[in-house]
Protein chains: 2
Amino acid sequence: MTSENINAAHELAGNYIACWNETDGARRRVLLAQHWTPEATYVDPLMQGAGLAAIDALMAAVFERFPGHSFTLKDGAEAHHGRLRFSWSLGPNDHPGAAPVVEGTDFAELDEAGRFVAVTGFLDKVNLP
Amino acid sequence: MTSENINAAHELAGNYIACWNETDGARRRVLLAQHWTPEATYVDPLMQGAGLAAIDALMAAVFERFPGHSFTLKDGAEAHHGRLRFSWSLGPNDHPGAAPVVEGTDFAELDEAGRFVAVTGFLDKVNLP
């Protein structure tokens, strides 16, 4: 990839992570409307949803399950042909050096505007306290 | 995942790797017909194809580009909801300990029989000689 492509992939994945990290429901729904299509779908080994209200509810459930935690995008996001792949970790905000509780890799399909159409999540490591 | 799921994911990904490693065209086309749907699609940053004849040609092109090399499936294949994610390396057959020339992660959609319907490949590392 060119460095331009790498930056674009990292920015797209950053938009996604920003949604998952927005604990304020009203602000999160603004981000969702901006970065996902209305009929977007999400599925991972533990949960799934279709449409922004359902995806918003999934995100809210993660905040309830892991208060004081947030997602960090790892290096290595890659995009081509409207598909995006990136890896992330979920760890405690107040212990930035602590081992993540969950790490994963997500695969996404994007529309021409760079909005998320379909996301499939995979879990690379689960290290629950 | 349960160990049963892990084994199933590893076996599905193994079917895929076996196709890429079959240098005999006739035998490869038998494997393709067995493990992919007729209208299957493949796309990675460098090449794409739709239908088994096109995918067969992509595989043949890789053998021409990297004679004496083969693909190895890494641990960590994961499957859920008809989707599969796995990582692989491509390295020389006669130097099993040598650094791979390419490493990647592929994402696939499967039909109910476990046949590959759509594959998107991503490159994790490229270390061409």
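Refer to the structure above for everything that follows.
In this report, the structure presented in the accompanying data block is examined.

1. Re the overall build of chain A
When its secondary structure is counted, chain A shows three helices and seven strands. Dimensions of chain A along its principal axes, counting C-alpha atoms only, are 40 × 30 × 25 Å. Burial statistics for chain A: of 129 residues in total, 46% are counted as buried. Just so you have it, chain A exposes about 6,500 Å², and 53% of that area is on carbon and sulfur atoms. Once the 9 positive and 17 negative side-chain charges of chain A are each reduced to a mean point, those two points are 4 Å apart.

2. Considering the packing of helix H2 (residues 25–35) of chain B against helix H3 (residues 52–65) of chain B
Axis angle and axis distance: for two packed helices, these are the angle between their axes and the distance between the axes, and together they describe the pair. Residue and element names in this part refer to chain B. At a minimum axis separation of 10 Å, H2 and H3 run at an interaxial angle of 135°. By the angle between their directions, the pair H2 and H3 is classed as oblique. As for how H2 packs across H3, the hand of that crossing is right-handed. Two secondary-structure elements touch here, H2 through Arg-28, Arg-29, Leu-32 and Ala-33 and H3 through Leu-52, Ile-55, Asp-56, Met-59, Ala-60 and Phe-63. Within the contact of H2 with H3, the residues separate by chemical class into seven nonpolar, no polar and three charged.

3. As for the relation of the copies chain B and chain A
Expressed as a screw transformation, the operator carrying chain B onto chain A has a rotation angle of 180° and an axial translation of 0.0 Å, and the superposed copies differ by an RMSD of 0.0 Å. These values place the two chain copies in the arrangement generated by a two-fold rotation axis. Residue Phe-107 of chain B, judged by its C-alpha, is the member of chain B lying nearest the rotation axis, at 3.7 Å. A shared interface surface links the copies, since 100% of the contact residues of chain B are contact residues in chain A too.

4. Looking at the nonpolar core
Core analysis: the largest hydrophobic core is formed by 33 residues, its most contacted members being Tyr-16, Trp-20, Trp-36, Tyr-42, Leu-84, Phe-86 and Phe-116 of chain B. Among the elements of the structure, helix H1 (3–21), H2, strand E1 (36–43), H3, strand E3 (69–73), strand E5 (83–92), strand E6 (102–110) and strand E7 (116–126) of chain B are those that each provide at least two residues to this core. The element contributing the most residues to this core is H1 of chain B, with seven residues. If you look at the next biggest cluster of nonpolar residues, it comprises 31 residues, including Ala-13, Leu-32, Leu-84 and Trp-88 of chain A.

5. So, helix H2 (residues 25–35) of chain A
At 3.6 residues per turn, the α-helix brings residues three or four places apart onto the same side. All names here are of chain A. Listed in full, the buried residues belonging to H2 are Gly-25, Arg-28, Leu-31, Leu-32 and His-35. Along the axis of H2, the buried positions cluster into a sector of 120°, meaning they face one direction only. Opposite its buried face, H2 presents the exposed residues Arg-27 and Val-30, each directed more than 90 degrees away. Lining the buried residues of H2 we find helix H1 (3–21), strand E1 (36–43), helix H3 (52–65) and strand E7 (116–126).

6. Let's talk about the interface of chain B and chain A
At the junction of the two partners, chain B supplies 18 residues and chain A supplies 18 residues. For the pair chain B and chain A, the summed buried area comes to about 1,600 Å², and 59% of that belongs to carbon and sulfur atoms. Looking only at chain B, the three residues that lose the most surface to chain A are His-80, Arg-85 and Phe-122 of chain B, adding up to 36% of its buried area. Counting across the interface, chain B meets chain A through two salt bridges. Here Asp-124 of chain B ties to Arg-85 of chain A by a salt bridge, and the two come within 2.6 Å at their closest N and O atoms. There are ten residue pairs in polar contact (both at pLDDT 80 or more) connecting chain B and chain A.

7. Re the environment of Glu-109 of chain B
Note that Glu-109 of chain B resides in strand E6. Along the backbone, Glu-109 of chain B and Ala-79 of chain B are 30 residues apart, and their C-alpha atoms lie at a distance of 9.6 Å. Sequence-distant contacts of Glu-109 of chain B, defined by excluding residues within four places in its chain, comprise Glu-109 of chain A together with Gly-82, Arg-83, Arg-115, Phe-116, Val-117 and Ala-118 of chain B.

8. Focus on the pairing of E3 of chain B
Residue and element names in this part refer to chain B. Burial of the side chains of E3 is restricted to one face: His-69, Phe-71 and Leu-73 are buried, whereas none of Ser-70 and Thr-72 on the reverse face is. As defined by bridge partners, E3 adjoins E5 across five bridges and the pair is classed as antiparallel. Across the sheet, Thr-72 pairs through a bridge with Ser-89, a residue of E5.

Calculation notes
- Residues numbered from 1 in each chain as written.
- Chains lettered and ligands numbered in written order.
- Predicted model: local features only at pLDDT ≥ 70, side-chain atom pairs only at ≥ 80, totals over all residues.
- Heavy atoms only, no water.
- Helix = DSSP H or I, 4+ residues; strand = E, 2+ residues; numbered from the N terminus.
- Buried < 20%, exposed > 50% of the residue type's maximum accessible area, 1.4 Å probe, protein only.
- Areas by Shrake-Rupley, 256 points an atom, 1.4 Å probe, with all protein chains shown as cover.
- Lys, Arg positive; Asp, Glu negative; His and termini not counted.
- Charge placed at Lys NZ, Arg CZ, Asp CG, Glu CD.
- Axes fitted to C-alpha atoms, helices over the stretch in contact; angles between N-to-C directions.
- Parallel < 35°, antiparallel > 145°, perpendicular 65-115°, else oblique.
- Left-handed = near helix turned anticlockwise from the far one by under 90°.
- Contact = heavy atoms within 4.5 Å.
- Nonpolar A, V, L, I, M, F, W, Y, C, P; charged D, E, K, R; others polar.
- Least-squares fit on C-alpha atoms with pLDDT ≥ 70 in both.
- Core = buried A, V, L, I, M, F, W, Y, C linked by side-chain atoms within 4.5 Å.
- Arc of directions from axis to C-beta.
- Buried area = accessible area lost by both parts, 1.4 Å probe.
- Salt bridge = Lys/Arg side-chain N within 4 Å of Asp/Glu carboxyl O.
- Polar contact = N/O pair within 3.5 Å; in protein donor to acceptor, adjacent residues only side chain to side chain.
- Pairing = 2+ DSSP bridges.

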